[in-house]
Amino acid sequence: MPRIITCYKWVKDEADIKVDTSSRQLTLDRVGYKISDYDRNAIEEAVRMQEQHGGSVIAVTVGPPSAKQSLKDALSRGPEEAYFINDPSFAELEPAQTAAILAAVIKGRLEYDLIICGEGSSDLYAQQVGPRLAELLGIPCATYVNKLALEGTRINVERKLDDGIEKISLPLPALVTVLPDINTPRLPGLKQVLAAGKKPVHNIGLKDLGLTCEVTLNTTGILAATMERRRLRFGAGNEDIRKVVDALLKEGVIA
Amino acid sequence: MDFRLTEEQELLRNSVREFTQQYLEPIAGEIDEEGRYPAEVVAKLAEMDWMGIPYPQEYGGAGADYLSYCIVVEELSRACASTGIILSVHTSLASWPIFQFGTEEQKKKYLVPLCKGEKIGSFCLTEPGAGTDAAAGTTTAVLDGDEYVLNGTKHFITNGPVAGIYIVFAMTDKSKGAKGMSAFIVPREAPGLKVGKHENKMGIRASQTAEIILKDCRIPKENLLGQEGQGYRIAMQTLDGGRIGVAAQALGIAQAALDESVKYSKERVQFGKPISANQAIQWMIANMATDIAAARFLTYYAAWCKDQGLPYSKEAAMAKLFAAETASRHTSKAVQIHGGYGYIKGYKVERLMRDAKITEIYEGTSEVQRMVIAGNLLR
Ligand SMILES: Cc1cc2nc3c(=O)[nH]c(=O)nc-3n(C[C@H](O)[C@H](O)[C@H](O)COP(=O)(O)OP(=O)(O)OC[C@H]3O[C@@H](n4cnc5c(N)ncnc54)[C@H](O)[C@@H]3O)c2cc1C
């Protein structure tokens, strides 16, 4: 019966971000937070595997203390307990730091057969935390997973790559990072929402880990990308192709 | 004082929003047009534990509060007001009187399947000759051995054609007027219960409204709810809670009108600029948003009073009155903002305007709400 750890990140909900068109500044003061999209798939996959094979599911998140809001949300989706690793300095972690913190928590404390992460987070999408964590734990890792099946002491996965599907098998313990098409996360029912507050949460601070965490990633500014429309019109005749190419050259789109 | 919802209520709101995006928004226009009851969606409401939100888990409910229930009705109605009222009648008009006045056996037998969504509930008070003046009802109940025999016709009954359990009000002693009215739990299988004419409505067309005909309808004596003569009081107290649900429905409709108006006014270009650049449009939107905020506070406050065990009859009437009139007024403004397009089927605001009107009529007209409020103030 697999003991599963699923990792998730609490991120700004991009749907709430407003852009001031003249200054391109982002308005973030009314932004809500959510469990990063693909991490919802990771949690769902863990819970499905548990429903099928038994075992346990633990949710783990690393973030600033304000990410406490995420715990009931995560627990309402099925995991039976959560590890909340938090410190004010965790607001802008780099993937390497997040992976190091996760590894420090998991190493001495948690027994596991499988770790499921999302392929990348909705905000940075660096796709690094999963593979780095596997490396630090010294376990095999498969990325881009869109199918997952447990078979004895191994896990069979399908990786969706640009040029095809790769099927591989990994010995447990292992780590996988999943794509959104692996499943459709279910909506938690109201009883699950109400039960989430009664599930155990383990708070772990930086001190408990004996780590220090220096902020290395420093956001100096964010501006919205804008699309400037040139509103050029071309005919559909053969002779117009030349004009299209000329225009693209002139705009520097092609060289 | 705390204006924040609890984390659980926020999570619930988010899941209802996702639910409506997935299951309700895509079909709401179509089921309105066809007048089709969304049985498949109602089945899903049960899977989400939303069919018995404010009732204890031992009776199959979710064990949450009335405010949570309002949030669900509001968010469902924002997508589809028909689904909002299906749930509201089921929860506050049919399940609540059993929860509040029922015996332990009645709760086990009838409240549990309602809360689990195995059966749909309905509330049968109105008759052709007895609307606002509900005590003028002519349906009778006569005790015959171990059974009551019911005779009469109820009309405009929401969920009538789809219900498994009906709360029926009938006179056990006509000479006593309102004090001669009693409440009964009537299962669908009761011999003599028939669904009559279905109404073809202006709005909330996906909710089913029909006549319920009782002809020598026999039910066991134990299906009397409360005592003989308590019926009118049960009906009025039930409607007090129901009104908070209708206020939430109206609120959802009004919010949808605002959502559509903001979106459309920014997209629609006339005279070389979005129509939202005109102050005339901006003022409509500002008024809409302000009234909606006020309606939301009144509605949540009434629900909160109910949850706290405080009196809520006046608060519920105020919430329903204000939310209903807000919905009617501003869905009409939303159509105005959409211009000719707003008058055409397929644009959501056209449906919203038709759906809004009923909230000023059922579970007590706006005139009745004013009577309740004034009655509370002047006694
Ligand atoms: C779609 C729909 C669903 C419904 N669902 C249900 C249901 O599930 N169960 C149920 O029992 N009923 C239901 N009803 C009935 C609804 O509650 C009644 O229609 C409502 O109470 C008004 O009654 P009436 O239609 O007979 O109007 P009337 O009582 O005839 O009222 C007509 C007008 O006179 C006004 N009026 C009446 N008396 C007074 C007074 N004393 N002072 C001032 N003004 C007054 C009213 O406000 C109204 O404007 C439903 C109705 C509709 C249309």
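Residues numbered from 1 in each chain as written. Chains lettered and ligands numbered in written order. Predicted model: local features only at pLDDT ≥ 70, side-chain atom pairs only at ≥ 80, totals over all residues. Heavy atoms only, no water.

K.L.:
I keep staring at the overall build of chain A and nothing clicks. Help me out?
P.N.:
Tallying secondary structure elements over chain A gives 7 helices and 13 strands in all. Expressed as a percentage of the 255 residues in chain A, the buried residues total 42%. The contacts of chain A with a sequence gap of at least 6 include a subset with a gap of at least 24, amounting to 69%. Only carbon and sulfur atoms are counted for the fraction: they give 50% of the accessible area of chain A, which is about 14100 Å². Charge-centre separation for chain A: the mean point of 32 positive side chains lies 4 Å from the mean point of 34 negative side chains. (Helix = DSSP H or I, 4+ residues; strand = E, 2+ residues; numbered from the N terminus. Buried < 20%, exposed > 50% of the residue type's maximum accessible area, 1.4 Å probe, protein only. Contact = heavy atoms within 4.5 Å. Areas by Shrake-Rupley, 256 points an atom, 1.4 Å probe, with all protein chains shown as cover. Lys, Arg positive; Asp, Glu negative; His and termini not counted. Charge placed at Lys NZ, Arg CZ, Asp CG, Glu CD.)

K.L.:
Would you mind showing me how to read the interface of chain A and chain B here?
P.N.:
Many authors give the size of an interface as the accessible area that is lost as the parts come together. Listed as interface residues are 13 residues of chain A and, on the opposing side, 18 residues of chain B. When the area that chain A buries against chain B is broken down by residue, the three leading residues are Leu187(A), Leu190(A) and Lys191(A), summing to 46%. One can count 3 salt bridges joining chain A with chain B. The shortest N-O distance in the salt bridge between Arg40(A) and Glu18(B) comes to 2.8 Å. Joining chain A to chain B, the criterion identifies 6 residue pairs in polar contact (both at pLDDT 80 or more). Residue assignment for the side of chain A that touches chain B shows that the elements contributing at least two residues are helix 2 (70–76) and helix 5 (190–196) of chain A. Here the side of chain A that touches chain B gets 5 residues from one element, more than from any other, and that element is helix 5 of chain A. The class makeup of the residues in the side of chain A that touches chain B is 5 nonpolar, 3 polar and 5 charged. (Buried area = accessible area lost by both parts, 1.4 Å probe. Salt bridge = Lys/Arg side-chain N within 4 Å of Asp/Glu carboxyl O. Polar contact = N/O pair within 3.5 Å; in protein donor to acceptor, adjacent residues only side chain to side chain. Nonpolar A, V, L, I, M, F, W, Y, C, P; charged D, E, K, R; others polar.)

K.L.:
How do you make sense of the site of the ligand when you look at a structure like this?
P.N.:
Residues and elements named next belong to chain B. Inspection of the region around the ligand gives 17 residues, with Thr126, Thr132, Phe156, Thr365 and Glu367 positioned closest. Within the side chain of Thr158, an N or O atom sits 2.8 Å from a nitrogen atom of the ligand. At 2.7 Å from an oxygen atom of the ligand is found a side-chain nitrogen or oxygen belonging to Glu367. Bound to the protein, the ligand loses 64% of the 970 Å² it would expose on its own. Where the shell around the ligand is concerned, the elements lending two or more residues are strand 3 (147–158) and helix 10 (366–378). Each residue belonging to the shell around the ligand can be placed in one class, and the counts come to 8 nonpolar, 6 polar and 3 charged. Inspection of the shell around the ligand shows a minimum of three residues originating in each of domain 2 (121–229) and domain 3 (233–378). (Near = heavy atom within 4 Å. Domains from an automatic or database assignment.)

K.L.:
What's the story with the environment of Asp173(B) in this structure? I'm lost.
P.N.:
All names here are of chain B. Relative to the elements of secondary structure, Asp173 occurs in the loop between strand 4 (165–171) and strand 5 (181–187). What makes Asp173 partly exposed here is its relative accessible area of 29%. Residues Asp173 and Thr140, 33 residues apart in the sequence, show an inter-C-alpha distance of 8.2 Å.

K.L.:
Even after reading the chapter, I still don't get the nonpolar core, so can you show me in this structure?
P.N.:
Inside soluble globular proteins, nonpolar side chains tend to come together where they are buried. Within the largest apolar cluster, 102 residues are counted, with the highest numbers of intra-cluster contacts made by Trp50(B) and Phe169(B). If we skip the residues at most four places from it in the chain, Phe169(B) touches Phe123(B), Cys124(B), Leu125(B), Thr139(B), Lys154(B), Met181(B), Ser182(B), Ala183(B), Gly231(B), Ile234(B) and Ala235(B). Core analysis: the next-biggest nonpolar cluster, separate from the first, contains 27 residues, Tyr83(A), Ile85(A), Leu93(A) and Ile139(A) among them. (Core = buried A, V, L, I, M, F, W, Y, C linked by side-chain atoms within 4.5 Å.)

K.L.:
Help me out: how do you make sense of the side chain of Ser207(B) in this one?
P.N.:
Residues and elements named next belong to chain B. Mapped onto the fold, Ser207 is located in the loop between strand 6 (193–198) and strand 7 (209–220). One polar contact links the side chain of Ser207 to the main-chain carbonyl oxygen of Ile204, over a distance of 3.2 Å. Discounting chain neighbours no more than four positions away, the residues touching Ser207 are Ser82, Ile85, Ile86, Thr158 and Lys201.

K.L.:
Looking at this model, I keep getting lost on the sheet that holds strand 7 (residues 81–86) of chain A. Mind explaining?
P.N.:
Working definition: the strands of a sheet are paired by backbone hydrogen bonds and lie parallel or antiparallel to each other. Residue and element names in this part refer to chain A. Read from one edge of the open sheet, 9 strands run 11-10-9-12-8-1-6-7-13, paired in mixed fashion. Either end of the sheet is taken by a strand with one partner, and the two such strands are strand 11 (164–171) and strand 13 (201–204). The sheet shows a mean angle of 30 degrees between the axes of neighbouring strands, direction not considered. Inspection of the sheet shows strand 8 (residues 114–118) paired to strand 12 (residues 174–178) by 5 bridges, in the parallel sense. Across the sheet, the residue bridging to Gly118 is Val178, located in strand 12. Of the strands in this sheet, strand 1 (3–8), strand 6 (56–63), strand 7, strand 8 and strand 13 touch helix 3 (residues 95–109), which is tilted by about 130 degrees from strand 7. (Pairing = 2+ DSSP bridges. Axes fitted to C-alpha atoms, helices over the stretch in contact; angles between N-to-C directions.)

K.L.:
Help me understand the pairing of strand 5 of chain B, please; the structure alone is not making it clear to me.
P.N.:
Each regular strand carries side chains that alternate between the two faces of the sheet. Residues and elements named next belong to chain B. For strand 5, the buried fraction is high: 7 of the 7 residues fall into the buried class. Burial along strand 5 is two-sided: Met181, Ala183, Ile185 and Pro187 facing one way and Ser182, Phe184 and Val186 facing the other are all buried. Across 7 bridges, strand 4 lies against strand 5 in antiparallel orientation. Each residue of the ladder has a partner; that of Ile167, found in strand 5, is Ile185.

K.L.:
In this structure, what is going on with the pairing of strand 6 of chain A? I would like to understand it.
P.N.:
Residue and element names in this part refer to chain A. Counting buried positions along strand 6 gives 7 out of 8 residues, so the element sits mostly inside the fold. Pairing analysis gives 6 bridges linking strand 6 to strand 7, with the strands arranged parallel. Directly across from Thr61, in strand 7, lies its bridge partner Phe84. In this region the chain leaves strand 6, passes through helix 2 and returns to the parallel neighbour strand 7; the handedness of that crossover is right-handed. (Right-handed = clockwise from strand over helix to strand, strands pointing away.)

K.L.:
When you look at the domain arrangement of chain B in this model, what are you seeing that I'm missing?
P.N.:
All names here are of chain B. Taken domain by domain, chain B comprises domain 1 (7–115), domain 2 (121–229) and domain 3 (233–378). Distance between the C-alpha centres of domain 1 and domain 3: 20 Å. Contact with domain 1, which involves 27 residues of that partner, is made by 31 residues of domain 3. By the criterion of area lost to domain 3, the three top residues of domain 1 are Tyr66, Glu74 and Arg78, representing 26% of everything that side buries. The salt bridge involving Asp32 is made with Arg354; its shortest N-O contact spans 2.8 Å. Counting the contacts that link domain 1 with domain 3 gives 12 residue pairs in polar contact (both at pLDDT 80 or more). Looking at the side of domain 1 that touches domain 3, the elements with two or more residues in it are helix 1 (7–34), helix 3 (66–79) and helix 4 (81–101).

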